Structure formats: structure tokens, C-alpha cells
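Fold and geometry: a report
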Amino acid sequence: WVSNPLPQTTFYKSFASDVLLADLKNDNIYLQTETMNQLKRFIERLEQIHAFCFCHADLTARNIIITAKGQPVPIDWSYSGYMHPAIDIAYLLYILLNQGFHQNAKVFYRIAAERYAGIGFDIASHIQYFLAMRFLEVARVPTQRHKLKVAELILSESSIESFLDKFQRGGN
């Protein structure tokens, strides 16, 4: 972990709720007032944290290859940098949920939460926020508007664990 080497505005620019909300508004997508308030609360909590690590920041299926020994290896590090560790965790959760691997998502989350336990802040709420941001980003595509409801569900839940349980039961 390192202390924040960049001005906070640089790091949060692409993940800040006001930037994303402006983009959504430009696409004629409007969130419920409570969802917008929840985003603001998450941002306020994020701005209190100054712990960063080196992250890939674009962990998607196309950026992971499997070696001959079956080991996953990330490629294409063009978006990498010192960022909040919840970003990579949330992106991987998004992939698992989007591909229907709900149980795998819960297992992956538990492993990640254990890995980051005791680091001095609540990583779970940060993962919850970044996962919602990913669903909101994707919801900007007209054929993916249904993901807006998933983002709202993520933000309305009291915890990421609660969301993962509901998501698995609902099969969204």
C-alpha cells in the first residue's frame, strides 16, 4: 500500500458519481433520487481513503489469458496504475455476475474480502460502490439499459453480501 501519489481529483475523475451521472443524463438515463444520494455517500467515504496499490483497472475476459498450465495471466496493462484495490475486485465480480457465475462471484468476493481484511478501512463498501459504477457505465449502452436496475439494487442494499445473495436468488 502506498499513500495517494496523485491528487484525488485525478483518481476519482472517472469513478466519481457526478461525472458518471452527467454522462448518464446526457444519454437520457435518470436515476432515482435515493440512488443518487447513495452514490454521493459512497464518494464521501471513498475520499477519506488514501490507500492505493498497483491495479490493472481493466480486468475483463479479453484481458486475461490462460497459460498451458491453466494459470490466468492478465495482459494489456494500458489502464493500470496506483488505484483503489476495490476497482479490480469489482470488475471481476461484474464479469462473473454478467456471465451467470453467481456462486463463483460469491466465492470470489469472500476470498477478496479475506485478503483485504484488516487493512484499515471497509473494503466491502468500496467494492459495492465500484460494482455499481460498472453496471451504470454499461447501462449507458441502449441495449444494456436493464443493468440500471441492477446498479440501483446494488446501491440500495445494506452490504455487498446482501446484494450477491439477492442477485443469485433472482438470477438477474
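A few points on the structure. Note on numbering: residues in each chain are counted from 1, in written sequence order. Two thresholds apply to this predicted model, a pLDDT of at least 70 for residue-level local features and 80 or more for giving and counting side-chain atom pairs, whereas whole-chain, interface and lining totals are computed over all residues. The side-chain figures draw on all heavy atoms in the structure; neither hydrogens nor water molecules are used.

Let's talk about the pattern of salt bridges
Salt bridges are counted wherever a side-chain nitrogen of Lys or Arg sits within 4 Å of a carboxyl oxygen of Asp or Glu. Taken as a whole, this structure holds 4 salt bridges when the rule is applied. Between Asp-58 and Arg-62 there is a salt bridge, with its nearest N and O atoms 3.6 Å apart. Residue class for Asp-58 comes out buried when judged on its relative accessible area of 9%. Taking the shortest distance from any N to any O, the salt bridge between Asp-165 and Lys-106 comes out at 2.6 Å. With Asp-165 in helix H8 (residues 160–170) and Lys-106 in helix H5 (residues 102–115), this pair connects stretches of sequence that are 59 residues apart. Residue classification places Asp-165 among the partly exposed residues on the basis of a relative accessible area of 30%. For every residue, the accessible area (1.4 Å probe, protein chains only) is compared with the maximum for its type, and the residue is labelled buried under 20%, exposed over 50%, or partly exposed between those bounds. Relative accessible area serves as the criterion here: at 12%, Lys-106 is assigned to the buried category. Here a strand is any run of E in DSSP of at least two residues, a helix any run of H or I of at least four, and the numbering for each starts at the N terminus.

A word on the nonpolar core
In terms of nonpolar packing, the biggest core is built from 42 residues, with Leu-97, Ile-127, Leu-131, Phe-135, Leu-136, Ile-160 and Phe-163 touching the most fellow members. For this core, the elements supplying multiple residues, two or more each, are helix H3 (33–46), strand E2 (51–55), helix H4 (86–98), H5, helix H6 (123–139), helix H7 (147–156) and H8. Ranked by residues supplied to this core, first place goes to H6 with 12 residues. Every residue in contact with Leu-131, bar those within four places of it in the chain, is listed here: Ala-90, Leu-93, Tyr-94, Leu-97, Ile-154, Ile-160 and Phe-163. Nonpolar cores were defined as sets of buried Ala, Val, Leu, Ile, Met, Phe, Trp, Tyr and Cys residues, with membership established by side-chain atoms within 4.5 Å. Here a residue-residue contact requires only that any non-hydrogen atoms of the pair lie within 4.5 Å.

Considerations on the packing of aromatic side chains
Whether two aromatic rings pair depends on their centres lying within 6.5 Å, for rings of Phe, Tyr and Trp, where Trp uses its six-membered ring; planes under 30 degrees apart make the pair stacked, over 60 edge-to-face, and the rest tilted. Using the criterion set out here, one finds 4 aromatic pairs in the structure. With a centroid separation of 6.0 Å and an interplanar angle of 15°, the aromatic rings of Phe-54 and Trp-77 are classed as stacked. Here Phe-54 is found in strand E2, whereas its partner Trp-77 is found in the loop between strand E4 (72–74) and strand E5 (81–83), with 23 residues between them in sequence. Geometrically, the ring pair formed by Phe-163 and Phe-167 is tilted, given 5.3 Å between the ring centres and 50° between the ring planes. Residue Phe-163 and its partner Phe-167 are both found in helix H8; the two are separated by 4 residues, about one turn of the helix. The pair Phe-163 / Phe-167 is uniform in exposure class, with both members buried. By definition here, charges over rings are those cases where NZ of Lys or CZ of Arg is within 6 Å of the ring centre and within 35 degrees of the ring normal. Its guanidinium or amino end placed over the ring of Tyr-91, Arg-134 lies 4.9 Å from that ring's centre, counting from NZ or CZ. Over the face of the ring belonging to Tyr-94 we find Arg-134, whose NZ or CZ atom lies 5.1 Å from the ring centre.

A short note on the packing of H6 against H7
Here an angle of 0 to 180 degrees is reported between the N-to-C directions of two axes, which are lines fitted to C-alpha atoms, with helices fitted over the stretch in contact. Interaxial distance between H6 and H7 falls to 8 Å at its minimum, and their mutual angle equals 165°. Relative to H7, the element H6 is oriented roughly antiparallel. When you trace H6 past H7, the crossing you get is left-handed. Seen from H6, the contacting residues are Gln-128, Leu-131, Ala-132, Phe-135, Leu-136, Val-138 and Ala-139; seen from H7, they are Lys-147, Leu-148, Val-150, Ala-151, Ile-154 and Leu-155. Working definition: roughly parallel below 35 degrees, roughly antiparallel above 145 degrees, roughly perpendicular at 65 to 115 degrees, and oblique for all remaining angles. Two helices that cross are described as forming a left-handed crossing if the nearer one is turned anticlockwise from the farther one by less than a right angle, and a right-handed crossing if clockwise.

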